[in-house]
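Report on the structure
Residues per chain are reported as follows:
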Amino acid sequence: MNQPAQRLVGFVHHLRDEGFSIGIQEVMDMLSSLEFGSLTDKRYSHKVMRSLACNNQLDWQRFDQLFIDYWQATAETDDSKDMPPEPAQRGPSRAAATGIGGSSVENPNAMRDLS
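Because the structure is a prediction, the values reported are computed rather than measured. (Residues numbered from 1 in each chain as written. Predicted model: local features only at pLDDT ≥ 70, side-chain atom pairs only at ≥ 80, totals over all residues. Heavy atoms only, no water.)

Right, let's talk about the packing of helix α1 (residues 3-17) against helix α2 (residues 24-34) for a bit. Each pair of packed helices can be summarised by the angle the axes make with each other and by the distance between the axes. Packing of α1 against α2 leaves a shortest axis separation of 11 Å and a crossing angle of 145°. α2 is crossed by α1, and the crossing has right-handed handedness. Side by side, α1 and α2 meet where Ala5, Leu8, Val9, Val12 and Arg16 of the first sit next to Ile24, Val27, Met30, Leu31 and Leu34 of the second. Here the contact of α1 with α2 is composed, by residue class, of nine nonpolar, no polar and one charged. (Axes fitted to C-alpha atoms, helices over the stretch in contact; angles between N-to-C directions. Helix = DSSP H or I, 4+ residues; strand = E, 2+ residues; numbered from the N terminus. Left-handed = near helix turned anticlockwise from the far one by under 90°. Contact = heavy atoms within 4.5 Å. Nonpolar A, V, L, I, M, F, W, Y, C, P; charged D, E, K, R; others polar.)

Right, here's the structure in full:
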């Protein structure tokens, strides 16, 4: 297994340790979707990993911070350039406020925070 693949698998183990339910198929889909040339595209890699790793609203809400924590810790211990940096920090998005499905029914008070 090459180094980017090992790091991706390490990230999956980190998410599993945090309670995410990620199966072998999701890992295989991540590996094939990222094709490792695109691991340096932080937005794309972040979106691919999040869409395949998150199974519920809580996972979706926690993913960004876990992603940042893992990849920053990895960058501090290894100077390699083949890992995705953290996504840009912005204010709350409509998707974050409404949940995965985009429905304010999941979190009706969150839409007020976007005003």
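The structure having been displayed, the exposition proceeds.
Close approach of charged atoms lets side chains of opposite charge pair. Counted according to the given criterion, the structure contains two salt bridges. With a shortest N-O distance of 3.1 Å, Glu18 and Arg62 are connected by a salt bridge. Note that Glu18 is positioned in the loop between α1 and α2 and Arg62 in helix α4 (residues 57-77), a separation of 44 residues in sequence. Overall, the relative accessible area of 35% leaves Glu18 in the partly exposed class. Overall, Arg62 belongs to the partly exposed group, its relative accessible area being 26%. Residues Asp64 and Arg50 are paired through a salt bridge, measuring 3.7 Å at the closest nitrogen-oxygen approach. In this pair, Asp64 is assigned in helix α4 and Arg50 in helix α3 (residues 42-53), connecting sequence segments 14 residues apart. When its relative accessible area of 29% is taken as the criterion, Asp64 is described as partly exposed. (Salt bridge = Lys/Arg side-chain N within 4 Å of Asp/Glu carboxyl O. Buried < 20%, exposed > 50% of the residue type's maximum accessible area, 1.4 Å probe, protein only.)

Moving on: the nonpolar core. The biggest cluster of nonpolar side chains holds 21 residues, and the ones touching the most others in it are Phe11, Leu15, Phe20, Ile22, Met49, Ala53 and Phe63. Breaking this core down by element, the ones donating at least two residues are α1, α2, α3 and α4. For this core, the element with the highest residue contribution is α4, accounting for six residues. (Core = buried A, V, L, I, M, F, W, Y, C linked by side-chain atoms within 4.5 Å.)

Time to look at the packing of α2 against α3. Where α2 meets α3, the closest approach of the two axes is 10 Å, and the angle between their N-to-C directions is 160°. Between α2 and α3, the crossing angle belongs to the class labelled roughly antiparallel. You can see that α2 and α3 cross each other, and the crossing is right-handed. From α2, Glu26, Asp29, Met30, Ser33 and Leu34 reach across to α3, where they touch Tyr44, Ser45, Val48, Met49, Leu52 and Ala53. (Parallel < 35°, antiparallel > 145°, perpendicular 65-115°, else oblique.)

The next subject is α2. For α2, the full list of buried residues reads Val27, Met30, Leu31 and Leu34. Taken down its axis, α2 places every buried residue within 95° of arc, on the same side. Looking at the buried side of α2, the elements it contacts are α1 and α3. (Arc of directions from axis to C-beta.)

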